[in-house]
Amino acid sequence: MMTYGEQISVYKDAVYLQNGKFKTCEKLPSVQRMPPKQAYEYYNAKLERIWAKMKRKKPPPAAIMQELKRRLREHEQESKEIIKKIMFLCDCALGGSNLKEIRNTIKRIKEAIDE
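Hey, could you run me through the overall build of the chain in this one?
What the chain contains, in helices and strands, is four helices and two strands. Reading the helices (α) and strands (β) of the chain from amino to carboxyl end gives α-β-β-α-α-α. Looking at the 115 residues of the chain, the share that counts as buried comes to 10%. Taking the intrachain contacts of the chain between residues at least 6 apart in sequence as the baseline, contacts between residues at least 24 apart amount to 35%.

Right under this line is the structure:
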């Protein structure tokens, strides 16, 4: 047995447009509604089924979690390398190093960021 609201939803989902007129193959639900006690039991059972499905969902396998951690560490290492290169650039600029060395370092940083 469906509740009145569920019957209305089925009816609305079955409505379609044909030659400029709305049609449906479903009949409008009867006005008869569930008694409150029966509706309470019905929705309680329905929610119990939904919650049971949610509890059965398993967390991601350990292999997937390890792969995600590996990728995170990989990106963390790349970030550290880029920061080191930027610090080197600052040192070069402050220390008066040659322009060619600074340009090469900037080029390597751009390549690392573009990857």
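Next, the rest of the story.
Which parts of the structure should I look at to understand the environment of Ser 79?
Within the fold, Ser 79 resides in helix H3 (residues 62-95). Residue Ser 79 is classed as partly exposed on the basis of its relative accessible area, which comes to 39%. The spatial distance from the C-alpha of Ser 79 to the C-alpha of Ala 112 is 9.4 Å, given a sequence separation of 33 residues.

Sorry if this is basic, but what is going on with the packing of aromatic side chains here?
Remark: the centre distance and the inter-plane angle together describe each pair of aromatic rings, the angle taken between the planes. Enumeration over the complete set of coordinates arrives at one aromatic pair. Taking 5.2 Å as the distance between ring centres and 80 degrees as the angle between the ring planes, the aromatic pair formed by Tyr 42 and Tyr 43 counts as edge-to-face. Residue Tyr 43 is classed as partly exposed on the basis of its relative accessible area of 37%.

Just to check I follow, could you spell out the confidence of the model for the chain for this structure?
Detailed reading of the predicted coordinates is not advisable wherever pLDDT falls low. Summing up the model confidence of the chain, the mean pLDDT is 76 and the portion of residues at 70 or higher is 83%. Taken element by element, the predicted model of the chain shows its lowest mean pLDDT in helix H4 (residues 99-114) (72) and its highest in strand S1 (residues 16-18) (87).

Sorry, what's going on with a nonpolar patch on the surface here?
Together, Leu 47, Ile 50, Trp 51 and Met 54 give the surface a local cluster of nonpolar side chains, amounting to about 390 Å² of exposed area. Inspection of the secondary structure assignment puts Met 54 in helix H2 (residues 36-56).

Got a minute to help me understand unusual backbone geometry in this structure?
Negative phi values dominate among residues other than glycine, just as trans dominates among peptide bonds. Located in the positive-phi region is Asn 19, a residue other than glycine, with phi close to 55 degrees. Inspection of the secondary structure puts Asn 19 in the loop between S1 and strand S2 (21-23). Residue class for Asn 19 comes out exposed when judged on its relative accessible area of 77%.

Cut-offs used in this document
Per chain, residue numbering runs from 1 following the sequence as it is written. In view of the model being predicted, local features appear only for residues whose pLDDT reaches at least 70, and side-chain atom pairs are presented and counted only at 80 or more, with totals across whole chains, interfaces and linings using the full set of residues. Only hydrogens and water are set aside when side-chain values are computed; all heavy atoms of the structure are taken into account. Runs of E in the DSSP output that reach at least two residues are strands. Runs of H or I that reach at least four are helices, and both are numbered from the N terminus. Three labels apply to residues, based on accessible area from a 1.4 Å probe with only protein chains included: buried if under 20% of the type maximum, exposed if over 50%, partly exposed otherwise in between. Only heavy atoms enter the contact rule, under which two residues are in contact if any of them lie within 4.5 Å. Any Phe, Tyr or Trp ring, taking Trp's six-membered ring, that has another such ring centre within 6.5 Å forms a pair; planes under 30 degrees apart are called stacked, those over 60 apart edge-to-face, and the others tilted. Confidence scores labelled pLDDT are given residue by residue by the predictor and lie between 0 and 100. Patch criteria: residues need more than 30% relative accessible area and no salt bridge. Like-charged residues are merged within 9 Å; nonpolar side chains of Val, Leu, Ile, Met, Phe, Trp and Tyr are merged within 5 Å. For the accessible areas, the method is Shrake-Rupley and the probe is 1.4 Å, while residue cover comes only from the protein chains on display. The term salt bridge refers to a pairing of a side-chain nitrogen on Lys or Arg with a carboxyl oxygen on Asp or Glu at a separation within 4 Å.

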